Amino acid sequence: MSEIVRKEYSTHDGAWVIERDGATLAELYYKSAPGRIVLELTTVSDALRGSGAGKRLIEAAAQWARAANVTVIPMCPYAKSVFKKNPELRDVL
């Protein structure tokens, strides 16, 4: 069983996704604007519930934001809770 976390995007929106054996099992959707991204919605399939998949997506977004030097605005309630519980991620807010 191989798992891949990757970023999909178009000009102003996209998602970080987790794929396992070719199936998309979790997504973190975002919209972008100059200098920032807005995290809008996190979805995780039942197959990954409780595995930390949602947090891995938030961490991937934070890592990307650091590298791209952009600010993250978490509008998704789940994303807000991850940032609240994990101070090491807040540098991108």
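Figured I'd write up the structure that's included with this text.

**Here's the deal with the sheet that holds strand β1 (residues 3-9)**
One open sheet accounts for five strands, arranged β1-β2-β3-β4-β5; its pairing is mixed. What marks the edges here is a single partner per strand, and that holds for β1 and β5 (71-74). On average, each strand axis in the sheet is inclined to that of its neighbour by 25 degrees, with strand direction left out of account. As paired elements, strand β3 (residues 23-33) and strand β4 (residues 36-44) share eight bridges and run antiparallel to each other. When the bridges of β4 are listed, Glu27 appears paired with Thr43.

**What to know about the packing of aromatic side chains**
With the rule as written, the count across this model stands at two aromatic pairs. Ring centres of Trp16 and Tyr30 lie 4.9 Å apart, and the angle between their planes is 45 degrees; on these two criteria the pair is classed as tilted. Linking Trp16 in strand β2 (residues 13-20) with Tyr30 in strand β3, this pair joins segments that are 14 residues apart in sequence. In this pair, the class of Trp16 matches that of Tyr30, namely buried. Taken together, a centroid distance of 5.8 Å and an interplanar angle of 65 degrees make the contact between Trp16 and Trp64 edge-to-face. Of this pair, Trp16 sits in strand β2 while Trp64 is found in helix α1 (residues 53-68), placing the two residues 48 residues apart along the sequence. Here a set of aromatic residues connected by ring pairs shows up, and it is made of Trp16, Tyr30 and Trp64.

**Considerations on the pairing of β5**
Sheet faces and side chains relate simply in a regular strand, where the side chains alternate between the two faces. Burial along β5 is one-sided: the residues Val72 and Pro74 are buried and none of Thr71 and Ile73 is. The pairing of β4 with β5 spans four bridges and is classified as parallel. What sits directly across from Val38, in β5, is Ile73. Remark: the β4/α1/β5 crossover connection has right-handed handedness.

Conventions we followed
Residues numbered from 1 in each chain as written. Predicted model: local features only at pLDDT ≥ 70, side-chain atom pairs only at ≥ 80, totals over all residues. Heavy atoms only, no water. Pairing = 2+ DSSP bridges. Helix = DSSP H or I, 4+ residues; strand = E, 2+ residues; numbered from the N terminus. Axes fitted to C-alpha atoms, helices over the stretch in contact; angles between N-to-C directions. Phe/Tyr/Trp six-rings, centres within 6.5 Å; stacked < 30°, edge-to-face > 60°. Buried < 20%, exposed > 50% of the residue type's maximum accessible area, 1.4 Å probe, protein only. Right-handed = clockwise from strand over helix to strand, strands pointing away.

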